[in-house]
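Analysis of the macromolecular model
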Amino acid sequence: MGTGGGGVTDEVPKGSEPETSESLKAFGEVVKAFRKRAGLTQEQFAPLVGYSVPMIASIEQGRRLPSKEFVNRAEEVLDAFGVIRAAAKHLTRKAGLAKWFEEWAELEPLAVTLYTFENRLVPGLFQTPAYARTLFEEQIPAMSDDKIESNLVTRVERASILTERPETIFSFIVEEHVLRRQMGGPEVMREQIDHVLGLSERRNIDIQVMAQSRGYHAGLGGPLCLLETEENTWYAYCEGQETGQLISDPKVVSILQQRYARMRAQALSVEASVGLLREIRGAL
């Protein structure tokens, strides 16, 4: 699987083009050179292109694949003679991101609204390193130690949007059985649930649990992600084994929005969900 919701692994499947880290580093150096040429610090440059300072730093260090929006904005703000756009054409995707997940990964850091329903695993954005490591170590086919470490770095960096974008509205709905599954043992799950409880205290993050006692609900069709960009365009993402689909058709996205809205009504309230999380944590 990719990383849309829980995402067992971010590993690039066989047959996908490999990641060339040097191309990301080279692109970062190009951006840095033009930024300095313009006499801008990262702190001054960030608001001009609409990105956080940590995001700018990650791109300049070659640790994050820049979105098309970033490339275009940086090109215009820095008056780069087309060099930044040209450099972007030679980029390969980042290690640890499955090919089918790449487009969604570019949109995710730009979201002003992000909704996630997960019925398989703790959502990727919530996973602690210990929880994610358990998934990677048990992955079939087996992964090398280097690949496991690379995927862990990618997952942790991806989750940074929860703290880097405090103005983004996040909503998560997770099936109760996901939180009760002993993934990695009691110690790993105690840490994982503590982490989720900590995130639930943030003003812009709503976490709801779909109770096991609930019979039918609108999410039985599978995991679902929805996001809204700064241009108020909505996208959806659905994922299965070794496949994922980015959906931009407004009619289909509308249907999925209706399902998510129904799920929010069918799940436990935010307050009741926090109470259940504490109960599960106490039983471990």
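Residues numbered from 1 in each chain as written. Predicted model: local features only at pLDDT ≥ 70, side-chain atom pairs only at ≥ 80, totals over all residues. Heavy atoms only, no water.

**Comments concerning the pattern of salt bridges**
Throughout the structure, instances matching the rule amount to 16 salt bridges. Between Arg120 and Glu239 there is a salt bridge; the shortest N-O distance is 3.2 Å. Highlighted residues: Arg120 in the loop between strand S1 (113-118) and helix H7 (129-137) and Glu239 in strand S5 (residues 234-240), separated in sequence by 119 residues. Taken as a pair, Arg120 and Glu239 share a single burial class, namely buried. Between Arg281 and Asp194 there is a salt bridge, with its nearest N and O atoms 2.8 Å apart. Here Arg281, found in helix H13 (residues 270-283), pairs with Asp194, found in helix H11 (residues 186-200); they are 87 residues apart in sequence, far enough to count as distant. Using a relative accessible area of 26% as the deciding quantity, one classes Arg281 as partly exposed. (Salt bridge = Lys/Arg side-chain N within 4 Å of Asp/Glu carboxyl O. Helix = DSSP H or I, 4+ residues; strand = E, 2+ residues; numbered from the N terminus. Buried < 20%, exposed > 50% of the residue type's maximum accessible area, 1.4 Å probe, protein only.)

**Concerning the packing of H7 against helix H8 (residues 145-159)**
For the pair H7 and H8, interaxial distance at closest approach is 10 Å and the crossing angle is 140°. On the basis of their axis angle, the class for H7 and H8 is oblique. With respect to the hand of their crossing, H7 and H8 are arranged in right-handed fashion. Between H7 and H8, the residues in contact are Pro129, Ala132, Arg133, Leu135, Phe136 and Glu137 and Ile148, Glu149, Asn151, Leu152, Arg155 and Val156, respectively. Among the residues forming the contact of H7 with H8, the class breakdown is seven nonpolar, one polar and four charged. (Axes fitted to C-alpha atoms, helices over the stretch in contact; angles between N-to-C directions. Parallel < 35°, antiparallel > 145°, perpendicular 65-115°, else oblique. Left-handed = near helix turned anticlockwise from the far one by under 90°. Contact = heavy atoms within 4.5 Å. Nonpolar A, V, L, I, M, F, W, Y, C, P; charged D, E, K, R; others polar.)

**Regarding unusual backbone geometry**
The omega torsion across Ile140 and Pro141 is 0°, close enough to zero to call that bond cis. Structurally, Pro141 is set in the loop between H7 and H8. Located in the positive-phi region is Asp79, a residue other than glycine, with phi close to 50°. By secondary structure assignment, the location of Asp79 is in the loop between helix H4 (68-78) and helix H5 (83-88).

**Some points on the packing of aromatic side chains**
For the structure on display, the rule yields eight aromatic pairs. Arranged with centres 5.7 Å apart and planes meeting at 45°, the rings of Tyr115 and Trp234 form a pair that is tilted. Separated by 119 residues along the polypeptide, Tyr115 in strand S1 and Trp234 in strand S5 bring together distant segments of the chain. A relative accessible area of 22% places Trp234 in the partly exposed class. Between Phe126 and Phe172 the ring centres are 4.1 Å apart and the planes differ by 40°, which places this aromatic pair in the tilted class. Here the residue Phe126 occupies a position in the loop between S1 and H7, and Phe172 occupies one in strand S2 (residues 169-175), the gap between them amounting to 46 residues. (Phe/Tyr/Trp six-rings, centres within 6.5 Å; stacked < 30°, edge-to-face > 60°.)

**Section: the nonpolar core**
One finds Leu114, Phe126, Tyr131 and Leu162 to be the most contacted residues of the largest nonpolar core, which totals 36 residues. Here this core gets six residues from one element, more than from any other, and that element is H11. Grouped together as the second largest cluster of nonpolar side chains are 23 residues, Leu40, Ile56, Val71 and Leu91 included. (Core = buried A, V, L, I, M, F, W, Y, C linked by side-chain atoms within 4.5 Å.)

**Here's the deal with the packing of helix H2 (residues 42-49) against helix H3 (residues 53-60)**
Look at H2 against H3: their axes get within 9 Å of each other, and the N-to-C directions meet at 105°. As the angle between them shows, H2 and H3 are arranged roughly perpendicular. Where H2 abuts H3, its residues Gln42, Glu43, Phe45, Ala46 and Val49 lie against Val53, Ile56, Ala57 and Glu60.

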